[in-house]
Amino acid sequence: MDWNLTDLTKILALSGAVFAVLRVVVGKPLITKVVNPHRPTWLFAAFGFLTGAFGLLRTEAHSSSVMAILAPLKTLVTEERAPGPVMVAAVALFNAVVILGVLVYCVWRLPRDPSTFRRSKDQAKVVRYYTNLPGGLDFATLIRLSKKDGAQAVYLATGVNVNEIQKRLDELVPFRTAESQIAWWTALALDMHTEMDRMNGILGKGGQGINRRVLFDVQFGGYLFQYLRPPEVGEDYLFAFGATLVQAEVNTRRFEEHFELMIAALKNIKSGMEKV
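Just so it is clear, the structure is predicted and the values come from calculations on it, not from any experiment.

Caption draft 1: Broad picture of the overall build of the protein chain. When helices and strands are counted, the protein chain shows 11 helices and 5 strands. With respect to the three principal axes, the spread of C-alpha positions in the protein chain is 80 × 45 × 35 Å. Taking the contacts inside the protein chain whose residues are at least 6 apart along the sequence as the reference set, 62% of them involve residues at least 24 apart. In the form shown here, the protein chain has an accessible surface area of approximately 15,800 Å², with 61% of it arising from carbon and sulfur atoms. Averaged over its 31 positive side-chain charges, the protein chain has a centre that lies 5 Å from the centre of its 25 negative ones.

Caption draft 2: Examining the pairing of strand S1 (residues 139-146) more closely. For S1, a buried count of 6 out of 8 residues is recorded, marking the element as mostly surrounded by other parts of the structure. When S1 meets strand S2 (residues 154-160), the two strands line up antiparallel, connected through 6 bridges. When the bridges of S2 are listed, Ala-140 appears paired with Gly-159. Note that S1 and strand S5 (residues 236-244) share 8 bridges and pair antiparallel. Across the sheet, the residue bridging to Ala-140 is Gly-242, located in S5.

Caption draft 3: Representation of a nonpolar patch on the surface in the model. Side chains of Leu-8, Leu-12 and Phe-94 sit close together on the surface and give an oily, nonpolar patch of about 220 Å² of accessible area. Along the chain, Phe-94 falls in helix H5 (residues 84-109). Here Phe-94 falls in the partly exposed class, since its relative accessible area comes to 30%.

Caption draft 4: Representation of the packing of aromatic side chains in the model. If you walk through the whole model with that rule in mind, you get 10 aromatic pairs. Plain terms: the ring middles of Tyr-129 and Tyr-130 are 4.9 Å apart, the flat faces sit at 85 degrees to each other, and that makes the pair edge-to-face. With a relative accessible area of 28%, Tyr-129 lands in the partly exposed category. Among the aromatic residues, those joined into a ring-pair cluster are Phe-139, Trp-185, Tyr-223 and Phe-241. Residue placement shows Arg-112 over the ring face of Phe-117; its charged tip is 3.9 Å from the ring centre. Lys-147 extends its terminal NZ or CZ atom over the ring of Tyr-237, reaching a point 5.1 Å from the ring centre.

The rules behind the values
Residues numbered from 1 in each chain as written. Predicted model: local features only at pLDDT ≥ 70, side-chain atom pairs only at ≥ 80, totals over all residues. Heavy atoms only, no water. Helix = DSSP H or I, 4+ residues; strand = E, 2+ residues; numbered from the N terminus. Contact = heavy atoms within 4.5 Å. Areas by Shrake-Rupley, 256 points an atom, 1.4 Å probe, with all protein chains shown as cover. Lys, Arg positive; Asp, Glu negative; His and termini not counted. Charge placed at Lys NZ, Arg CZ, Asp CG, Glu CD. Buried < 20%, exposed > 50% of the residue type's maximum accessible area, 1.4 Å probe, protein only. Pairing = 2+ DSSP bridges. Patch = residues over 30% accessible without salt bridge, like charges linked within 9 Å, V, L, I, M, F, W, Y side chains within 5 Å. Salt bridge = Lys/Arg side-chain N within 4 Å of Asp/Glu carboxyl O. Phe/Tyr/Trp six-rings, centres within 6.5 Å; stacked < 30°, edge-to-face > 60°. Lys NZ or Arg CZ within 6 Å of the ring centre and 35° of its normal.

Below is the structure:
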């Protein structure tokens with residue numbers, strides 16, 4: 001058989017041009033900002049391409065047999081010129097394969113996009129999800145505290161990286177169990193809020209307002225603290241706290257990145273609740 005890759009090259013070039021134009025039109029990174037936040041939509045698009053391609057090939061083959069349907073694709077790599085419907089079907093098939101491949105990459109390599117969390121009952125799920133991603137956070141908690149005197153803190157959600165925390169604790173001195181470390185972090189989260197007035201007294205000297213967010217880079221890892229709404233607004237405080245035991249997670253900013261994703265998801269939920 002004499003091979004001719006002209007038709008196949010045309011398909012690859014056409015599909016590449018389509019995705020390049022799409023990237024320019026949307027003005028965002030396709031994988032992280034377009035595909036990942038809308039995985040179900042792109043899965044539906046891939047299914048649509050597959051359905052259309054097999055429909056064209058079935059019509060061309062005049063058969064419902066799978067082998068017969070795929071047979072016309074051989075013309076893409078032979079001297080025989082591929083018919084128009086086969087070229088269109090091949091483009092659709094290639095696009096479907098590319099989309100499915102990107103979706104697999106998103107599922108296995110990219111965190112779930114914060115915009116996909118919308119329901120109020122997803123708060124706990126958000127904290128657990130971003131805490132349990134590989135690396136980054138070892139612990140996170142979301143706390144609400146009324147501004148009334150004597151109010152007790154309400155821990156709305158807590159996440160612990162159960163797959164990594166004890167392994168990381170074993171490398172520290174003095175030795176402590178995961179349970180005791182979690183208790184320390186839980187207390188620290190509330191203490192950081194209660195001590196914020198003292199810090200604001202110092203920060204106020206700069207004339208730029210009070211604190212909204214703070215990152216502490218400590219000897220072993222780091223802490224992150226952030227208000228989900230300005231602390232001077234509303235009848236209660238709503239804040240999140242995150243911690244890692246590993247300095248490398250702070251240095252590479254993965255700790256901060258996972259925390260920011262968690263905050264973005266929680267804010268997305270909070271925005272939806274306020275609209276309702």
